[in-house]
Amino acid sequence: MRISLEEAVQQLTSGHVVAVPTETVYGLAALLQDPAAIEQVFILKGRPFANPLIIHVASYKGLVPYVSHFPPHFEDLAQMCWPGPFTCILPVRSTVPSIVRAGLDTAGFRIPGLPITRELIQATGPLVMPSANLSGRPSATSPRHVEEDFGRNFPVMDGGECRMGLESTILLYQESEWVIVRLGAIPSTFFQSILGYEPRFVKQSSDHQPLCPGQAFRHYAPNAHLFVHELPLAVKNIVGFTERNYPVDRRVFILGSLHKPEQVAENLYKVLRQLDQENVQEAWVDMDFPKEGLWLTIAERLLRACDR
Ligand code: TXA
Ligand code: MG
C-alpha cells in the first residue's frame, strides 16, 4: 500500500513500522526511541537480534546526542560523503537503545541522500532502517519489491526506484585506521583523497569477531540456484551484460552495460528478484568484468547471492 510522506510521519509516530525510500535501497523504518516498533522490524524481517541496525539522521546535528567521541578524520568523511551512501560506525552513549546496536558499544549512522527521506526524518526524529527485504533475500529497490516480501497491504512511502541500488559503504575506525566493513555504493578509491589512503576491506577483527555482524549471515539470495564458474550445459538462463554474445539458446537477464557499473548496480537486485518472479530454478552469472571500483561491490553481492 503506497502512502504519502504525511501518512508515513503519522504511522511512525504512532508506533508503526513503514517502508521508506532512500537513494540506496528501501528501508524498513521505526523510530529510534521506540523499542517496541524496533522489535517488530526484527520480527517482520526475520532478522537475528544479533545483527544491529543503522540509525538514519537528517543532519550532522542529529547524531551528536548519541555519539561518545569522534575518531580522527570523521569530520572530513562526513563533509565529503553526507548526505549520501556512507555509514559510519561510531562509539555511542547509552542514549542509543541496546536493541538497535545488538548490545555493542558502537552504532552505525547515516544521513541519506534522498531529500524526501531527510524531510521525513526532520519530522519524526532519527529512524532505524535495515533494508526492506526478508532476511537473506535480495534488497528492495522499488515499492513493488517491498510488497513482494511483506504483502500488498504493507505501508510503503513511494519514492520510485532507488537511484543507486546498492547499500551504503560502511566504515569503522580501528587500530589507528579506517577500514571498510561492508562494501557499498561508494567505492574504496573515493576515500583516498579524504583519508590519504584507500581503506582496506576487512571482514573480521584480529580476535575473529566479525566487524560487521551482518556479513556473517546469508544475504541477497534469490530462490534460483546461481552458478559462477563454467557455464553448465544444462543451465538455460544467464545473468549478463548488454555487450556480450551468449549462446542463442539461452535466456539472458541483462544487468546493464559493461561500461556502466552504476547502471549494473541500479539493476542488480531487480534482476535477482526477476529470476524469482519468473520462477527460474538455475542461472549462470557472467562474472567476467573488471574487479575494481564499484564492480568490487557488485562482485561481492553476486558471489553472496550464490551462497546457499
Ligand atoms: O544503504 C543502507 O545502508 C540501507 C538503507 C536502508 O539505509 N540500510 C542497510 O541496512 O543496508 P541493513 O540493516 O540491511 O545493513 C546494516 C549493516 C548490517 O550488516 C549490520 O551488521 C551493520 O550494518 N552494522 C550496524 N551496526 C553496526 C555496528 N555497530 N558495528 C558493525 N556493523 C554494524
Ligand atoms: Mg540488508
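Keep in mind it's a predicted model, so treat the numbers as computed, not measured.

Draft legend 1. Region of the structure containing the layout of surface pockets. Roughly 870 Å³ of internal volume is contained in the largest pocket. The wall of the largest pocket is formed by 48 residues, among which Asn51, Pro52, Ile170, Cys212 and Pro213 lie closest to the centre. Within the residue set of the lining of the largest pocket, elements represented by two or more residues are β4 (54-56), β6 (106-110), β9 (169-174) and β10 (177-182). In terms of residue count, the dominant contributor to the lining of the largest pocket is β6 (four residues). Residues that form the lining of the largest pocket fall into these classes: 20 nonpolar, 18 polar and ten charged. Looking at the second largest pocket, its volume works out to about 160 Å³. If one sorts the elements of the lining of the second largest pocket by residue count, helix α7 (residues 261-277) sits on top with three residues. When the residues that make up the lining of the second largest pocket are grouped by side-chain class, the tally is nine nonpolar, no polar and two charged.

Draft legend 2. Examining the sheet that holds strand β11 (residues 225-227) more closely. Spatially, four strands are ordered β11-β14-β12-β13 in an open sheet, and the strand pairing comes out parallel. Edge positions in the sheet fall to β11 and β13 (251-256), since each has one partner strand and no second. If you compare each strand with its neighbour and ignore which way they point, the axes differ by 30° on average. The pairing of strand β12 (residues 237-241) with β13 spans five bridges and is parallel.

Cut-offs applied
- Residues numbered from 1 in each chain as written.
- Chains lettered and ligands numbered in written order.
- Predicted model: local features only at pLDDT ≥ 70, side-chain atom pairs only at ≥ 80, totals over all residues.
- Heavy atoms only, no water.
- 1 Å grid on protein atoms, 1.4 Å probe; cavity = no way out; pocket = protein on both sides within 12 Å on 5 of 7 lines; lining within 4 Å.
- Points joined across faces, edges and corners; volume = space filled by probe spheres on them.
- Helix = DSSP H or I, 4+ residues; strand = E, 2+ residues; numbered from the N terminus.
- Nonpolar A, V, L, I, M, F, W, Y, C, P; charged D, E, K, R; others polar.
- Pairing = 2+ DSSP bridges.
- Axes fitted to C-alpha atoms, helices over the stretch in contact; angles between N-to-C directions.

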